[in-house]
Amino acid sequence: MVKITFPDNQVREYQEGITGIDIAKSLSNSLAKEVVAVTVNGEIWDSTRVINTDASIKLHKFDDKEGKHAFWHSSAHLMAEALELLYPGIRFGIGPAIENGFYYDVDPGDGVVITEGDLPKIEQKMKELVAQKSQYLREDISKAEVLDYFKKKGEVYKVELISELEDGTITLYKQGNFTDLCRGPHLPDTGHIKAIKLLSIAGAYWRGDEKRKQLTRIYGITFPKQAMLDEYLELLEQAKARDHRKIGKELELFMFSAKVGQGLPLWLPKGTALRERLQDFLKKVQKRYGYDLVMTPHIGHKDLYVTSGHYEKYGKDSFQPIKTPQEGEEFMLKPMNCPHHCEMYKGKPRSYKDLPVRFAEFGTVYRYEQSGELHGLTRVRGFTQDDAHIFCRPDQLKDEFKKVIDIILYIFKTLDFPDFTTQVSLRDKVNREKYIGTDENWEKAERAIIEAADEKGLKTIVEYGEAAFYGPKLDFMVKDAIGRSWQLGTIQVDYNLPERFELEYTGSDDLKHRPVMIHRAPFGSMERFVAVLIEHTAGKFPLWLTPDQAIILPISEKYHEYAEKVLKFLNNYDIRTLIDTRAEKIGKKIRDAELKRIPYLVIVGEKEAGDGTISVRKQGVGDQGTMKAEEFIQIVNKEVQDQTAELQ
RNA sequence: GCCGAUGUAGCUCAGCUGGCCAGAGCAGCUGAUUUGUAAUCAGCUGGUCGGGGGUUCGAAUCCCUCCAUCGGCUCCA
């Protein structure tokens, strides 16, 4: 007998040779049908693998992370089996489970191209294989034998992978006629995979190396129930409907022009109004936190970036320098604001009493992003950072860091991003040559960040090796309304630039000291943030931010005069109001205003003109009844105040 | 930059196994209607079929090339 300990510490005895599935069966038959994997003493196993010792276990269904992983990984194998049947001679790279589904990188062979049009056919073949309910069989085989097997098959990618594994036994999984190198775990059989959707196809370099062969990556997702797939596809539809590129066009917020150049956003009047309002908001917050607003030009002398080190690191891949016609002096489009700010810091002698110095700038920068990487407003070649650089004494670092965290938390709160995660990026534990600065400084900075985050109650993930070469950082990822994560704000400690620019302050000891720099951008960039805000709100911006707060809809031309009066009145009270005087029926005007996501629709007709009132309709909600314009102004002001409460 | 796909009116899309003057809906304009909470009716305007080159008697349709967009890869100060 073996003793099996369950997650709730309950212990039961079973026969030796029992499997996860058997244990599940002993609890309930329905559970047994759903179990896809089992954690045994901390290791994830197939639910069909025999347990011969005492063990603590946890059963996994599709609804937990481990279960999904096994499910999708098995699905990747299933797809591979289908591909091998459809494309004889196909070679396989890797086929992992990912956050939403799985993919497999394949080399279809010379001259063979798999396109999206082929996906239904592959899906169909997978469904046929599901019907066969082939078991996933685990085998331990010696490395030499496995190598031999894959070599004979001509699986060059697998051979490469196996060669790098340690000697000894290697596990293979086999289902039907398909055998793959794999650690597992896998489903008991293919019959579990009830719903299949292959989503897209893309090129992917073998082992992520652009110098190596580009394989074909096929993305798919599967579920144990058709209804779950339908739900997932529905979510994708929703995401599509929220696409900031689509909404940005519809609401006339921004546009692109091939003639102006790719990746160079043009902010239309409505988008500009939105962005200006966001910037005003930030300016106000930053002013309160002791920032000084500065402005610097869009270009800078090449030497500036040679000094900062950026020229060496990024110069080759940037927009190339422009030259003055007479002297041939080289200037670069500003790729970041910090070097300018460093020069401003150097503009006069600084005393320890002056620190921290905080320079904030909505600085527009230009970076040569690879053409394939451009994406709406989230990845562009010209963008405006909500940038600031704090120059402080080392002893002020932690406090300054905490203040920046405060700003970011406040911004997230005001803009209604309640759900976010943070990541502390530290030096690599082993490989330390790539970092500049002394060990002492690094340790100080890393400790400052961790403590600051901790004291602010942030739950952080710590990632080693993710720090920038010049210092550790703290990144903020927000979750949007439909659960997607977006990387936004960042706070970075920098020992590099103060060194390179030889920044100094005079200490109380009358000696020269080197300040520490903090780079921080709560939004990252205005472009990126507006994109995230659009996707988060689906274009229904909060009242205080939205370009147009209300629109007056006269029932007919007869009430235009009264409507104009109301318009003037509302605008006088700073309610951003439009009017729709088209010869359309009220239903049409309402529809169009709703589609434009205008928060309040003000309807005026005979009744309202008669007794000097307005009829208010709230976007997405409906009729709010009749009231005096004064009353409406109060409602709007109250809502704006509530949304920006702590700002007052 | 790489792989694959796409590019037809301001927008969404049809036509694309080569062949009557390239179509529809919405938007726009004009007129009628004077309207009560998500699309009033009629008429009209509008297109170098992404640009260039080629094949052909004939190209939106086939080929080449460039540009842009989309999905990924790589990159991201």
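Residues numbered from 1 in each chain as written. Chains lettered and ligands numbered in written order. Predicted model: local features only at pLDDT ≥ 70, side-chain atom pairs only at ≥ 80, totals over all residues. Heavy atoms only, no water.

**As for the domain arrangement of chain A**
Each domain of chain A was delimited in the assignment, giving domain 1 (2–61), domain 2 (66–241), domain 3 (254–537) and domain 4 (550–647). One C-alpha centre belongs to domain 3, the other to domain 4, and the line joining them spans 41 Å. With nine residues of domain 3 in contact, the opposing surface of domain 4 contributes five residues. Between domain 3 and domain 4 the total buried area reaches about 640 Å² when both faces are included, carbon and sulfur atoms providing 49% of it. Counting the contacts that link domain 3 with domain 4 gives zero salt bridges. At the boundary of domain 3 with domain 4, the tally comes to zero residue pairs in polar contact (both at pLDDT 80 or more). The element that contributes the greatest number of residues to the side of domain 3 that touches domain 4 is helix α9 (residues 269–288), accounting for six residues. Split by residue class, the side of domain 3 that touches domain 4 holds three nonpolar, one polar and five charged. (Domains from an automatic or database assignment. Contact = heavy atoms within 4.5 Å. Buried area = accessible area lost by both parts, 1.4 Å probe. Salt bridge = Lys/Arg side-chain N within 4 Å of Asp/Glu carboxyl O. Polar contact = N/O pair within 3.5 Å; in protein donor to acceptor, adjacent residues only side chain to side chain. Helix = DSSP H or I, 4+ residues; strand = E, 2+ residues; numbered from the N terminus. Nonpolar A, V, L, I, M, F, W, Y, C, P; charged D, E, K, R; others polar.)

**A word on the packing of aromatic side chains**
On inspection of all chains with the given rule, the structure shows 25 aromatic pairs. Aromatic side chains Phe92 and Tyr104 sit 5.2 Å apart centroid to centroid with 70° between the ring planes, which places their arrangement in the edge-to-face category. On the criterion of sequence distance, the pair formed by Phe92 in strand β8 (residues 91–92) and Tyr104 in strand β10 (residues 101–107) is long-range, its members being 12 residues apart. In this structure, Phe92 and Tyr104 share a single accessibility class: buried. On the numbers, 5.0 Å between centres and 50° between planes, the contact of Phe569 with Tyr573 is tilted. On the basis of relative accessibility, which here comes to 47%, the residue Tyr573 falls in the partly exposed class. Within the aromatic cluster, the residues linked to one another by ring pairs are Phe62, Phe71, Trp72, Phe223 and Tyr232. The aromatic ring of Phe62 is capped on one face by Lys68, whose charged end is 5.0 Å from the ring centroid. (Phe/Tyr/Trp six-rings, centres within 6.5 Å; stacked < 30°, edge-to-face > 60°. Buried < 20%, exposed > 50% of the residue type's maximum accessible area, 1.4 Å probe, protein only. Lys NZ or Arg CZ within 6 Å of the ring centre and 35° of its normal.)

**Considerations on the nonpolar core**
Among the nonpolar cores identified, the biggest contains 57 residues, and Leu278, Leu397, Phe401, Leu415, Leu474 and Ile491 are the most heavily contacted of them. Top contributing element to this core by residue count: helix α13 (residues 397–414), with nine residues. Sequence-distant contacts of Leu415, defined by excluding residues within four places in its chain, comprise Leu278, Phe281, Phe523, Phe529, His536, Trp544 and Leu545. (Core = buried A, V, L, I, M, F, W, Y, C linked by side-chain atoms within 4.5 Å.)

**Considering the sheet that holds strand β21 (residues 330–333)**
Spatially, three strands are ordered β19-β21-β20 in an open sheet, and the strand pairing comes out antiparallel. Bordering the open sheet on either side are β19 (299–301) and β20 (322–323), each of which pairs with just one other strand. Sheet topology places β19 next to β21; three bridges connect them, and they run antiparallel. Each residue of the ladder has a partner; that of Gly300, found in β21, is Met332. (Pairing = 2+ DSSP bridges.)

**Digging into the packing of α13 against helix α14 (residues 439–455)**
For any two helices packed against each other, the geometry is given by the interaxial angle and the distance between the axes. Contact geometry for α13 and α14: axes closest at 9 Å, N-to-C directions at 45°. Regarding the angle of α13 to α14, the classification is oblique. Crossing angle aside, the handedness with which α13 passes α14 is right-handed. Contacts between α13 and α14 involve Leu397, Lys398, Phe401, Lys402 and Ile405 from the first element and Ala445, Ala448, Ile449, Glu451, Ala452, Ala453 and Glu455 from the second. Residue composition of the contact of α13 with α14, by class: eight nonpolar, no polar and four charged. (Axes fitted to C-alpha atoms, helices over the stretch in contact; angles between N-to-C directions. Parallel < 35°, antiparallel > 145°, perpendicular 65-115°, else oblique. Left-handed = near helix turned anticlockwise from the far one by under 90°.)

**Observations regarding helix α16 (residues 526–537)**
Under the 1.5 Å per step criterion, the end-to-end length of α16 is 16 Å for 12 residues, consistent within 8% with the ideal 16 Å. Of all the residues in α16, the buried ones are Met526, Glu527, Phe529, Val530, Ala531, Val532, Leu533, Ile534, Glu535, His536 and Thr537. Positioned one or two residues after α16, Ala538 has a phi angle of 55°, which is positive. (Expected span 1.5 Å × (residues − 1).)

**Considerations on the protein's contact with RNA strand B**
Within the structure, RNA strand B sits among 54 residues, and Gln214, Gln262, Glu373, Glu608 and Ser615 are positioned closest to it. Backbone atoms, meaning sugar plus phosphate, form 48% of the atoms of RNA strand B positioned within 4 Å of the protein. Those elements that provide at least two residues to the surface near RNA strand B are β14 (195–205), β15 (214–223), α8 (244–250), α11 (310–314), α18 (586–595), α19 (606–611) and β34 (614–618). Counting residues per element, the surface near RNA strand B draws most heavily on α18, which supplies seven residues. Looking at the surface near RNA strand B residue by residue, the classes come out as 18 nonpolar, 17 polar and 19 charged. (Near = heavy atom within 4 Å.)

**Points about the pattern of salt bridges**
Under the counting rule described, the total for this entry stands at 43 salt bridges. Of the charged contacts, one joins Lys143 and Asp167 as a salt bridge, the two residues approaching to 3.2 Å between their closest N and O atoms. With Lys143 in helix α5 (residues 143–153) and Asp167 in the loop between α6 (156–163) and β12 (169–175), the pair connects residues that are 24 residues apart, well separated along the chain. Notably, a salt bridge pairs Arg617 with Glu594, separated by 3.1 Å at the nearest N-O pair. Of the two residues, Arg617 is situated in strand β34 and Glu594 in helix α18; the sequence distance between them amounts to 23 residues. On the basis of relative accessible area, Arg617 is assigned to the partly exposed category, the value being 26%. Here the salt bridges do not stand alone but share partners, grouping Glu160, Glu164, Arg207 and Arg212 into one network.

**Describing the pairing of β12**
A large share of β12 lies buried, amounting to five of its seven residues. Of the pairings in the sheet, the one linking strand β11 (residues 137–142) to β12 comprises six bridges and is antiparallel in character. When the bridges of β12 are listed, Leu137 appears paired with Lys174. Inspection of the sheet shows β12 paired to strand β13 (residues 178–181) by four bridges, in the antiparallel sense. Paired with Tyr173 across the two strands is Asp180, which belongs to β13. In sequence, β12 turns back onto β13 through a hairpin of two residues, with Gly176 there showing a positive phi of about 55°.

**What about the sheet that holds strand β26 (residues 473–479)?**
The sheet built from eight strands is open, its strands ordered β18-β22-β23-β30-β27-β26-β24-β25 with mixed pairing. Every other strand in the sheet has two partners, leaving β18 (292–293) and β25 (460–464) as the edge strands with one partner each. Judged from the five bridges that link them, strand β27 (residues 485–494) and strand β30 (residues 516–521) form a sheet pairing that is antiparallel. In the sheet register, Val493 faces β30, and the bridge partner there is Ile518. Here α16 sits on the sheet in contact with β22 (357–366), β23 (382–392), β26 and β27, set at roughly 150° to β27.

**Brief notes about the packing of α9 against α16**
Viewed as axis vectors pointing N to C, α9 and α16 meet at an angle of 110°, and their least axial separation amounts to 11 Å. Classified by the angle their axes make, α9 and α16 are roughly perpendicular. Contact residues: Leu274, Arg275, Leu278 and Gln279 in α9; Met526, Glu527, Phe529, Val530 and Leu533 in α16.

**Considerations on the environment of Thr115**
Position of Thr115 among the secondary structure elements: in the loop between β10 and α4 (119–131). Given a relative accessible area of 38%, Thr115 falls into the partly exposed group. Taking the C-alpha atoms as reference, Thr115 lies 21 Å from Gly208; in sequence the two are 93 residues apart.

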